[in-house]
Each structure stands twice: as C-alpha cells, then as structure tokens.
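# Breakdown of the fold
So the chains spell out like this:
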Amino acid sequence: MKISPLVLLPLLVLAACSAEPVRLYRLREAAPDTAEHASFVRLEQAVDLANRFLAESRYSQGFPAEAASFSLGMSDILLHLSGEGVEIVRVETAGWGDVRTNFGDLVHPTDQGFLTGRIRGAEATGDATFDALFIHLEVTEMAAVLLRQATTMREIQARGEFDYWLNYDLLGIDPSSGWMASNTVDRRAYAVQSGFYQWLHEANVRVETNVHVEAEVAAP
C-alpha cells in the first residue's frame, strides 16, 4: 500500500516543528567531567546569579512580582512568587525545522516558559536535552535569558496568549516599534535583562566558572 506524499507532508511538518522538554534530571545525573554535567553546574550558577540580582539590585524591583526567586526542580526551572505560589518555567528544545528558532529568535517565549534553539554541527548529539542551545550558554548569558524569558512568560499569562501575540505582531509591523527589544509588549522583559547587565557592571560581579564546554553558539 502506497501512501500519498500529500498525506505524509503534514506529519513531516509536525515532526519538524515539534518541541521536546529539556529534562534537568538528565543533566543533574550525568557523569562527572562530562559536557552534560558541566551544563547543569552552569545552570546552577546562573540561577544563583539571577537570585542575587533579584535580591540585591534596585533594577529588579517588582520583577516579575515582589520577592521572586528561582530554583531547580526535578525536570524544570521553578519560579517562586511571594503570595502566588510556584510557577514552572519549562525549557523546551525546538524541532530541527522550527521556523521560530531557525529564522527568528534563538529563544522563543511561551506561556509556560520558553523554546530554545538547537546546537548544530559537530557539537550536536541528536538529543533534545543535551542539544538545547540554552544550556550551552555561559553563566551570565544564561541568567540574563532566564530573567528575560520569565518576565515575558508572565506578560503572556497576564494578557492571554492570543492577545500577547496579536499585539506583538501588530506593533512589530510599525517601523517605530519593531520586534524584540523595540517591541512595546516586550519592553519590560528587555529592561530587566538590561538592568541585570547594568548591575553586573556597577557591582563588579565576577562569576567564577570552573567548568566550560566549547561550543560555537550565539547568545540570544
């Protein structure tokens, strides 16, 4: 029995665009002295650094609610919100053909966390957890992305997913606004990221990283 290419095409598109969660326990349980374990150590340092910023910096006031902090759960990053409880910040790795990360943002927000692109070339393993671009970033970049994306996630939740993307797209078409940092909808998220880097500079914060993985990746 032959299957028409027209039947297979939607399946191929879905496979290309499907996302898989980054499972933190796989990084945590990886053998010492491996790239995967080094990624988890950097993530721990990034979470600690983001929490220092939230606790110490005047630029973090009100982000994304008062007295917010991060921790690492079994499989996801957790966002603790005073008076509201705990939100899951789910990191997902994009499918190999996902247009949102291949031709747009290297990190794409969702109402449950964010979508990250993949490592390509010789560094790629074919595993969605180990190839997640986010976990290959250096500590300060990882912390900045986490702060920005958690703020964007809260914005999407507050507005509703449809309203957020409608406003983002409509405003993006306007040359005076545009996309990403220039888009009014994302202004607060990028302001938090900018404040984080400003805090690092003003407080002369130095991050001692004892582990490093060589990978040719670009920061979002």
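Quick caveat: nothing in here was measured; it's all calculated off a predicted structure.

Evaluation of the coordinates by the stated rule reveals 6 salt bridges. The residue R26 makes a salt bridge to D127 at a minimum N-O spacing of 3.0 Å. Linking R26 in helix 2 (residues 24–28) with D127 in the loop between strand 6 (113–116) and helix 5 (139–159), this pair joins segments that are 101 residues apart in sequence. E56 is the salt-bridge partner of R52, the closest N and O atoms lying 3.4 Å from each other. You can see R52 and its partner E56 sitting in helix 3 (residues 35–56), 4 residues apart, about one turn around the helix.

Another point: the pairing of strand 2 (residues 69–72). Pairing of strand 2 with strand 3 (residues 77–81) involves 4 bridges; the strand directions are antiparallel. The residue bridging S69 from the neighbouring strand is H80, located in strand 3.

Another point: the packing of aromatic side chains. Summed over all chains, the structure comprises 5 aromatic pairs. Cluster of aromatic residues (ring-pair linked, three or more members): F53, F196, Y197 and W199. The positively charged end of R26 is found above the aromatic ring belonging to F130, 4.6 Å away from the centroid.

Moving on, we come to the confidence of the model for the protein chain. Across the protein chain, the average pLDDT comes to 78, with 70% of residues at 70 or higher. Within the protein chain, the lowest mean pLDDT, 40, falls on helix 1 (residues 5–17), and the highest, 96, falls on strand 2. The low-confidence segment residues 1–16 (pLDDT under 50) makes 6 contacts with residues lying over four places distant or belonging to another chain. The model gives residues 211–220 a pLDDT under 50, and that stretch makes 28 contacts with residues more than four places away or in other chains.

Cut-offs used in this document
Residues numbered from 1 in each chain as written. Predicted model: local features only at pLDDT ≥ 70, side-chain atom pairs only at ≥ 80, totals over all residues. Heavy atoms only, no water. Salt bridge = Lys/Arg side-chain N within 4 Å of Asp/Glu carboxyl O. Helix = DSSP H or I, 4+ residues; strand = E, 2+ residues; numbered from the N terminus. Pairing = 2+ DSSP bridges. Phe/Tyr/Trp six-rings, centres within 6.5 Å; stacked < 30°, edge-to-face > 60°. Lys NZ or Arg CZ within 6 Å of the ring centre and 35° of its normal. pLDDT = per-residue confidence, 0-100. Contact = heavy atoms within 4.5 Å.

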